[in-house]
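Analysis of the macromolecular model
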There are 2 protein chains.
Amino acid sequence: MSDLLERLRGRGWRMTAQRRVVAEVLDGDHVHLTADEVHARAAERLPEISRATVYNTLGELVGLGEILEVSTDRRAKRYDPNAHRPHQHLVCSRCGAIRDVHPSGDPLADLPAAERFGFTISDVEVTYRGICPHCATA
Amino acid sequence: MSDLLERLRGRGWRMTAQRRVVAEVLDGDHVHLTADEVHARAAERLPEISRATVYNTLGELVGLGEILEVSTDRRAKRYDPNAHRPHQHLVCSRCGAIRDVHPSGDPLADLPAAERFGFTISDVEVTYRGICPHCATA
DNA sequence: CTATATGCAAAGTCTTTGCAATGGC
DNA sequence: GCCATTGCAAAGACTTTGCATATAG
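Structure report, in brief. (Residues numbered from 1 in each chain as written. Chains lettered and ligands numbered in written order. Predicted model: local features only at pLDDT ≥ 70, side-chain atom pairs only at ≥ 80, totals over all residues. Heavy atoms only, no water.)

**Some points on unusual backbone geometry**
In most cases, non-glycine residues show a negative phi, while peptide bonds are predominantly trans. Residues and elements named next belong to chain B. Going by this rule: Helix and strand assignments follow DSSP, with helices taken as H or I runs no shorter than four residues and strands as E runs no shorter than two, numbered in order from the N terminus.
We note that His30 has phi near 55°; this positive angle belongs to a residue other than glycine. By the element assignment, His30 lies in the loop between helix 2 (17–26) and strand 1 (33–34). One non-glycine residue, Phe117, adopts positive backbone phi at about 50°. Looking at where Phe117 falls in the secondary structure, it is placed in the loop between strand 5 (98–101) and strand 6 (120–131).

**So, the protein's contact with DNA strand D**
Where we set the bar: A molecule or strand has a residue near it when one of that residue's heavy atoms lies within 4 Å. Counting of polar contacts relies on pairs of N or O atoms within 3.5 Å, with two restrictions inside protein: one atom must be capable of donating a hydrogen and the other of accepting it, and residues adjacent in sequence are counted only when both atoms are side-chain atoms. Throughout this entry, Asp, Glu, Lys and Arg are counted as charged residues, while Ala, Val, Leu, Ile, Met, Phe, Trp, Tyr, Cys and Pro are counted as nonpolar. The remaining residues, Gly among them, count as polar.
Around DNA strand D, a shell composed of 19 residues is seen, among which Tyr55(A), Arg14(B), Thr16(B), Gln18(B) and Thr53(B) lie nearest. Taking Lys77(A), its main chain carries an N or O atom lying 3.3 Å from a phosphate oxygen of DNA strand D. Contact distances for DNA strand D include 2.8 Å between a phosphate oxygen and a side-chain N or O atom of Thr16(B). Of all the elements in the fold, those that place two or more residues in the surface near DNA strand D are helix 4 (51–63) of chain A together with helix 2 and helix 4 (51–63) of chain B. Sorting elements by how many residues they give to the surface near DNA strand D places helix 4 of chain B first, with 3 residues. In the surface near DNA strand D, the residues fall into 7 nonpolar, 5 polar and 7 charged.

**Regarding the protein's contact with DNA strand C**
As a structural note, the neighbourhood of DNA strand C is formed by 18 residues, with Arg14(A), Gln18(A), Thr53(A), Arg14(B) and Tyr55(B) the closest of them. Within the side chain of Arg14(A), an N or O atom sits 2.5 Å from a sugar or linking oxygen of DNA strand C. Listing elements by their share of the surface near DNA strand C, those giving two or more residues are helix 2 (17–26) and helix 4 of chain A together with helix 4 of chain B. Of the residues contributing to the surface near DNA strand C, the split by class is 7 nonpolar, 4 polar and 7 charged.

Remember that the coordinates give geometry; whether it matters functionally is a separate question.
What follows is the structure in structure tokens.
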């Protein structure tokens, strides 16, 4: 079942067929789809779903803090439903594959007060770039 | 003078008026311009410079490792000439302002071998998100 | 019943491409 | 003079918007 769906229902999110399908597509670990990929998968189950609705829904889920927006070096953003456990990303520079990882240290601790320049920091995003095992052998 | 320009000349980079202007615009610290901003500033000195040339030039400079591409949560990428000294970014979630910072630890050291999943890591990108002092008082 | 969500199609933003003309070296 | 680089305009990729219609609660 869908944890994401449960939580959204619990938050009183108005449930429609489209939103349900989008939430289902996004459910799981190591999911990092673009808006267009979400639309394609959602359309397998609900052919008439429009791109606009997918974009709306993704934007809402990001606003609710239920999914994360991941900016890659490629053009399209990716959406990561694993918003509740802090983690970082391993990104393949060749094929763009993304993997969640859980480093040991706290990256925030590495930024001394003197280097914060008056910013109130709420979040740290860490991206490790390299070549994935699949691309390395290809 | 322009350090960037010096290095490029030394590398045998074919010098044109357009490339010189782009390199000059990008020279300096804490510079994080979008392609369009680079084009606008370059056009102040060289009115006929085209966007295509700016995009070409930026792409080359990234390829040469002379500038860095910074993907923000906004749409347009930003270009950072400070490629020779490892650093991270502080980004204001409200206004998008970017600042270079130099944390104490080595972020790579925080990723144990068991968490690398066969990737050969070449680079780490760290982005601290928060509210800048200017937005905090506004 | 009513406010919110949807679909459509058009517009907007950012980036790339094809190709003839230009100009460094 | 040769070949890389440029400018232009058009196409392409990704995302947002406006508004009439549909539907969850």
